[in-house]
Amino acid sequence: MKTSSVRGLTRALVFTLLALSGQAHAQQASSGGMPDDSGASAPDCPLLMQEAEMRFEHGQQAAAAKRFKEAVPALRDASSAFLSVAASCPAVAAQANRQGDRAAAALKSAEGAATHQSECLPRLDKALDLDLRATAARGEKSDPAQIERLLADAEGAWREAVELCQSPQREKAEKSLAATMRARAANAELLSSGPACDAAWKSAGSLVDYARGAWKEKRWDDASMLYGKAVMAWEGAAEKCSGTRHDQALRKVEQTQTDAHNAEHCGPLWDQATEQTQRLKTTGAAVSATEKDVLSAKAEVAWRDAVVQCRGTPQSLARTNADAIARERGTPLPPQAMALYGSRKAPPPALVAVAPAAAAGLLAASAADTPVARREPVPAVSAPVPAPRATAEAPAAQPPAGDVVLVAGDTTYRGAFVLDRKSGLVSGSGSVEWTNGESYAGSLVDGRKHGKGRFNWVGGQWYEGDWVNDQAVGYGVIRFAGGNRYEGAVLDGEPNGRGTQVFPSGDRYTGDFVRGVFHGRGSYAWKSGNRYDGAWNMGRKHGQGRLVWASGEGWEGEFRDDQQTDTGKNITAASR
């Protein structure tokens, strides 16, 4: 007989004996009789141990198959069975206790997994579905009221997930909840702006969509015309809207102006540079070294032309492409390359700037393809010639004699800055201004905000404090556009950690923040004199806390979702 058949018969026999034993005990209990200890036989410890092991194995198999509703009662029975064996069978008590501990640990894990499966996952799925629907509605520029309903439902589902899920799903749900709350606050601006603002906003957005379509099809004249009309539409939206939407419309005006400029001046040159680069890659290996150098020079010149004409991100990408071709060739451009192969198109006026005499030495030594504009106007007949690479005799960076003004496209640097000629990056301290109205005052390291500094946004918001590698991280002060003021720990430009936030109403909160939301322990003091001290969960009173009114009376106990529960007590002014 096979081993598996023997095991099956053994298990069947064990369960039969257990069933008969259970019936006998039941009959004895129903008759009211007491067991006769004098005649009772010793428990069959091996049989009891085997039965407990079988229950444990069954529970483990069910848990491995993720049948947690089946696994939990089986593991609970196994844990109880091992305890019973340990109590009645001294010879195997140590082994039964060890197995009992294993069964208890497996039971705890299975219970947690069962809760996750039945409670956490459905909330996560529901919240993600609502977020997806809200995102789609926002992308389709649907009615803000409809978006508000979706976001409100999503926020509720995320709150339930935070309450029911365990780590790491809880932390993920908390982050998603904070993002949904921010999206809901942004959508509230849409609801409050009125129909005139909403209509202007949709018109401007539609024009931008049409312009992007023309851009993808490389219809540069159409794209430039449509972006130009979109600029006027965004200006109209800025006049009709208020609050955050007004500020957003102003920023879109700046961005759309850049897109219109690039469609008119940058796009055609970009196509030419791309074509020249492709020709270099496909035919460079089949021609002589001299002919390959000519193709390389033409491709680099095409990208240098694009650097002069483009703005924003395309300008940076064009510069990167030109530098890559120059590095691959290994020799500087011939002196007449720009005159021979260039577009001969005059650079936009905004890219030409005059620096003070103190910076003349630096600017004269730097190339026009670096982030600094030339001191003298660029001739209309050709684009500027790039400077030779830094060598041991020519240092990569030269300090200015004093404060300078450096201009790079839409960016102006003023102060004690140093230009690295090799990387084209600026370091030092002073002020940086952008044509869209934003500014920064502080220290730069390799073109990134690092150290102490203050950044001002167009809408009136500003941050002053620590910077690490272009990120607002550490300790600082944030003044929000709506009038709120925060001072404390900051992560990625948001309140995160311990800090204090003061509101225009006079209210004040001091405590823990997570991604800009009250979370942890904190105190909120209303201007009216009311005060709450206790636990917070994603912006709401949740957990143990004390709420005291200006009269001196109050309530202390457990809060749940911003509301008092039945677990607590009233506080009188005298008891305080």
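For the structure itself, look to the data block above.
Not measured: the values here are computed from a predicted model.

1. Brief notes about the packing of aromatic side chains
Moving on, step 1. As enumerated under the stated definition, the model contains 24 aromatic pairs in all.
Moving on, step 2. Taken together, a centroid distance of 5.3 Å and an interplanar angle of 80° make the contact between Phe518 and Trp536 edge-to-face. One end of the pair, Phe518, is in strand 12 (residues 517-525); the other, Trp536, is in strand 13 (residues 531-537), with 18 residues separating them in the sequence. When sorted by exposure, Phe518 lands in the same class as Trp536, which is buried.
Moving on, step 3. An aromatic cluster of at least three residues, connected via ring pairs, comprises Tyr486, Phe503, Tyr509, Phe513, Phe518, Tyr524, Trp526, Tyr532, Trp536, Trp555 and Phe559.
Moving on, step 4. Just above the ring of Trp462 sits the side chain of Arg454; from NZ or CZ to the centre is 3.9 Å.
Moving on, step 5. Stacked on the ring of Tyr532, the Lys or Arg Lys541 has its end atom at 5.8 Å from the ring centre.

2. So, the environment of Lys449
Moving on, step 1. Secondary-structure assignment places Lys449 in strand 6 (residues 448-456).
Moving on, step 2. Spatially, the C-alpha atoms of Lys449 and Asp466 are 9.2 Å apart, while their sequence positions differ by 17 residues.
Moving on, step 3. Not counting residues within four places of it along the chain, the set of residues in contact with Lys449 comprises Tyr440, Ser443, Leu444, Phe455, Trp467, Val468, Asn469 and Asp470.

3. Structural notes on the pattern of salt bridges
Moving on, step 1. For the structure shown, the criterion picks out 30 salt bridges.
Moving on, step 2. Between Asp209 and Arg212 there is a salt bridge, with its nearest N and O atoms 4.0 Å apart. Remark: Arg212 and Asp209 occur in helix 7 (residues 195-216); sequence separation between them is three residues, near one turn of the helix.
Moving on, step 3. Of the charged contacts in the structure, one is a salt bridge between Arg540 and Asp561, with a shortest N-O distance of 2.7 Å.

About the criteria used
Residues numbered from 1 in each chain as written. Predicted model: local features only at pLDDT ≥ 70, side-chain atom pairs only at ≥ 80, totals over all residues. Heavy atoms only, no water. Phe/Tyr/Trp six-rings, centres within 6.5 Å; stacked < 30°, edge-to-face > 60°. Helix = DSSP H or I, 4+ residues; strand = E, 2+ residues; numbered from the N terminus. Buried < 20%, exposed > 50% of the residue type's maximum accessible area, 1.4 Å probe, protein only. Lys NZ or Arg CZ within 6 Å of the ring centre and 35° of its normal. Contact = heavy atoms within 4.5 Å. Salt bridge = Lys/Arg side-chain N within 4 Å of Asp/Glu carboxyl O.

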